[in-house]
Amino acid sequence: MVQRPFPQVERKPLPKGSDEYERKRSEIVQQLQDSIPPSLYLDQKIVEKPPLDVTEIPRTCGILTPEEITITEGYDANGLAHAIAERKYTAVAVATAFCKRAAIAHQLTCCLTDFFMEEAIESARKLDDYLATNGKTIGPLHGLPISVKEHMPIAGRKSSWGFMFTQAHTDTDALMVEVLRNAGAVFYCKTNQPQLIMHLESCSHVGRSLNPYNLNLTPGGSSGGEGALNALRGSVLGLGSDIGGSIRCPAGFCNIHGFKPTSYLLSNHGFLPGGFAAELNILATGGPMCRSLRDIELFMQILRGSEQHLRDPSIVPLPWSGLTTALPSRPIKLGIMTTDGHITPQPPVLRALEWARARLAACPLAQNFDLKPFMPYKSGDAHRLIHQMYWPDGPGHARDPMSIHGEPELPLTTWGLRNVTKALDGTEINAQRWTRNEFRRVFVEDWNAQDVDFVICPVFVGPACEHDTAKYWNYTTLWNFVDYPAVVMPTPVKAKGKGEEGYVEGWKPLSEDDGEVRKMWDEGDFVGAPVALQIVARKYGDNELIAAVGKLEEALGFGVDGTLPVLE
């Protein structure tokens, strides 16, 4: 019997590279497709004519058993880890369920770059044997499946670092992966990222990832594969990284929780061989993408409790208290940022902010919050400066290898490098650092003058955007530039159909960029795209931030497992 072709939903095609590049790319894609058993293939009719919103397909396609649907949909990471520890489910049953659901998710959204079901089930079987023999779990993540962004090494698997030609076998885990493995995690897949790992889109040599809520939109980037996989419940906890919004953007576009900590609270050891020149001035960090705030807490407890600083001397060994952190015995001063002064958010985002404001003001816990307007200091300048600082080694570092290997330059790579003309010398890089530090000093003075503890603000200029249009990072890069921690919190707000909502009468652009964002709105159709919000604290205020978001979610009506409040 001839096996039918792999069923893959596709939207906007990828640019073509050289013949050799396309040959190698086809081999990599074929290897990934061959790793997914034909028994997990979706009906071809679904792939040929999928609905715009595919979030119901994993539940209804007939591939998952009722128990597997419950395992993948009925728990956050905390709840599922507890169910495994209580022997309600075996680790093998859980790994099987998530592997099957991840395979479905990939066919719908092209979210994976690697899939290793047999290896995951074997790891899970060993954990089941350990629990049966010892009567206890191996650690707090015993049997919990965790997905991992493509560039983060997993021992025995391949990784790539922003270009196809960088793909290589890795013999050891990244330190973060090692810590999670020692806590009992089961690894089963790696997820898509973009060229350069520097787009708020996830389009790579493996393919273009799609947003499960609207296939014509991006799931974000650069951890967009994680976002799409989590949204389709093919992962309960995933690893992302963030230097300009790469955790928060896909978390926001896919309506899940995400956390960008202050730099050097979590180890990046092993993430990028040879490092990344941008980190001479702008620091990246890893972080969780998950279903609930308490999952962020669990993740941070494990990483911060692992004494990373004894293995990675860059780590700042501050104690972790998270949700148990004592906040001041007065109302939380919450700044509400409806604009950054450079770009006015599109209508659904303003509606989500108003939903949060109104609900906080009217809820039984309203007395616990002092709501006030907040305007950040010169956000437009921060956006301009950070994009200069991302490329101190010049455009050739990216373009020369692509040219040599015949890899096509993607549109958002061209956009990101548009103002990069040369490599900088040490004096010029030092001048950038002085400018950055001076900006941070004035920024904190301005924050103090506005007298806020935390800020709630957009994640992006709009809901999830159309493919190849994620150009305006203002609402995430600002917080990378000043190195402030931020949590993304999902909401029940979604974009309405085209023509059902719009800009206020008399709107005037704040900048040229603002005009372009308005044009994106007028020309696009974002129906069904969810809108999440971002809550930010001062640098090293990570513990206080988690505690404050806990208070916010309680007041807004979230379940402890991340269940969304009903939109009224």
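Conventions and cut-offs
Residues numbered from 1 in each chain as written. Predicted model: local features only at pLDDT ≥ 70, side-chain atom pairs only at ≥ 80, totals over all residues. Heavy atoms only, no water. UniProt positions renumbered as here; feature names shortened; annotations may be inferred. Pairing = 2+ DSSP bridges. Helix = DSSP H or I, 4+ residues; strand = E, 2+ residues; numbered from the N terminus. Axes fitted to C-alpha atoms, helices over the stretch in contact; angles between N-to-C directions. Contact = heavy atoms within 4.5 Å. Domains from an automatic or database assignment. Buried area = accessible area lost by both parts, 1.4 Å probe. Salt bridge = Lys/Arg side-chain N within 4 Å of Asp/Glu carboxyl O. Polar contact = N/O pair within 3.5 Å; in protein donor to acceptor, adjacent residues only side chain to side chain. Nonpolar A, V, L, I, M, F, W, Y, C, P; charged D, E, K, R; others polar. 1 Å grid on protein atoms, 1.4 Å probe; cavity = no way out; pocket = protein on both sides within 12 Å on 5 of 7 lines; lining within 4 Å. Buried < 20%, exposed > 50% of the residue type's maximum accessible area, 1.4 Å probe, protein only. Points joined across faces, edges and corners; volume = space filled by probe spheres on them. Parallel < 35°, antiparallel > 145°, perpendicular 65-115°, else oblique.

For the protein, an unreviewed UniProt entry supplies the name Amidase domain-containing protein and the organism Cyphellophora europaea. Regarding the protein, the UniProt comment filed under Sequence similarities (unreviewed entry) reads as follows: "Belongs to the amidase family."

Draft legend 1. Local environment of the sheet that holds strand β15 (residues 533-536). The strand order β1-β5-β2-β8-β10-β9-β14-β15-β13-β11-β12 describes an open sheet built from eleven strands, whose pairing is mixed. Each having just a single partner strand, β1 (112-115) and β12 (369-373) make up the two edges of the open sheet. For this sheet, the mean angle separating the axes of adjacent strands, direction not counted, is 25 degrees. Seen against the sheet, helix α9 (residues 224-231) touches β1, β2 (145-149), β5 (186-191), β8 (237-242) and β10 (285-290) and runs at an angle of roughly 120 degrees to β5. Contacts from helix α12 (residues 347-362) reach β11 (332-336), β12, β13 (454-458) and β15 within the one sheet, and its direction differs from that of β13 by about 145 degrees.

Draft legend 2. Layout of the domain arrangement of the protein. Structurally, the protein comprises domain 1 (32-257 + 283-308) and domain 2 (322-498 + 522-556). Here the C-alpha centroids of domain 1 and domain 2 sit 25 Å apart. Across the contact, 39 residues belong to domain 1 and 51 residues belong to domain 2. Buried surface at the junction of domain 1 and domain 2, summed over both partners, amounts to about 3,700 Å²; 64% is from carbon and sulfur atoms. At the boundary of domain 1 with domain 2, the tally comes to one salt bridge. Residue Arg208 is joined to Asp468 by a salt bridge in which the shortest nitrogen-to-oxygen separation is 3.2 Å. At the boundary of domain 1 with domain 2, the tally comes to 23 residue pairs in polar contact (both at pLDDT 80 or more). Within the residue set of the side of domain 1 that touches domain 2, elements represented by two or more residues are α10 (248-254) and α11 (293-304). Per-class residue counts for the side of domain 1 that touches domain 2 are 20 nonpolar, 13 polar and six charged.

Draft legend 3. Up close: the UniProt feature "binding site: substrate" (unreviewed entry) in the protein. UniProt records the feature "binding site: substrate" (unreviewed entry) for Ile197, Ser222, Ile243, Gly244, Gly245 and Ser246 in the present numbering. Spanning 50 residues, the named residues form one tight spatial group whose C-alpha atoms are at most 11.2 Å apart. Of the residues named above, Ile197, Ser222, Ile243 and Ser246 line the largest pocket. With respect to the helices, strands and loops of the structure, Ser222 is situated in the loop between β7 (207-208) and α9. Accessibility expressed as a relative area gives 1% for Ser222, which makes it buried. Beyond its immediate chain neighbours, meaning those up to four positions away, Ser222 contacts Lys149, Asn192, Gln193, Pro194, Ile197, Met198, His199, Glu201, Ser202, Ser241 and Ser246. Examined against the element boundaries, Gly245 turns out to sit in the loop between β8 and α10.

Draft legend 4. View of the layout of surface pockets. Each pocket or cavity is described by its volume, and for the largest pocket that value is around 740 Å³. Along its surface, the largest pocket is lined by 39 residues, and Ile197, Leu272, Gly275, Phe276 and Glu279 are the ones closest to its centre. The set of elements that each furnish at least two residues to the lining of the largest pocket consists of β8 and α14 (396-405). Per element, the largest residue contribution to the lining of the largest pocket is three residues, and it comes from α14. Split into classes, the residues belonging to the lining of the largest pocket amount to 20 nonpolar, 14 polar and five charged. Residue-level mapping places the lining of the largest pocket at the junction of two domains, with at least three residues from each of domain 1 (32-257 + 283-308) and domain 2 (322-498 + 522-556). Quantified by volume, the second largest pocket comes out at close to 580 Å³. Lining the second largest pocket are 28 residues; nearest its centre among them are Tyr213, Ala231, Arg233, Asn255 and Leu564.

Draft legend 5. Seen up close, the UniProt feature "domain: Amidase" (unreviewed entry) in the protein. With numbering aligned to this structure, UniProt lists the feature "domain: Amidase" (unreviewed entry) at residues 94-545. Secondary structure within residues 94-545 divides into 36% helix and 14% strand; the distance between the first and last C-alpha atoms comes to 32 Å.

Draft legend 6. The packing of helix α16 (residues 426-450) against helix α17 (residues 474-482), seen in detail. Between α16 and α17, whose axes approach to 9 Å, the crossing angle comes to 105 degrees. On the basis of their axis angle, the class for α16 and α17 is roughly perpendicular. Residue-level contacts link Arg436, Phe439, Arg440, Phe443 and Trp447 of α16 to Leu478, Trp479, Asn480, Phe481 and Val482 of α17. When the residues that make up the contact of α16 with α17 are grouped by side-chain class, the tally is seven nonpolar, one polar and two charged.

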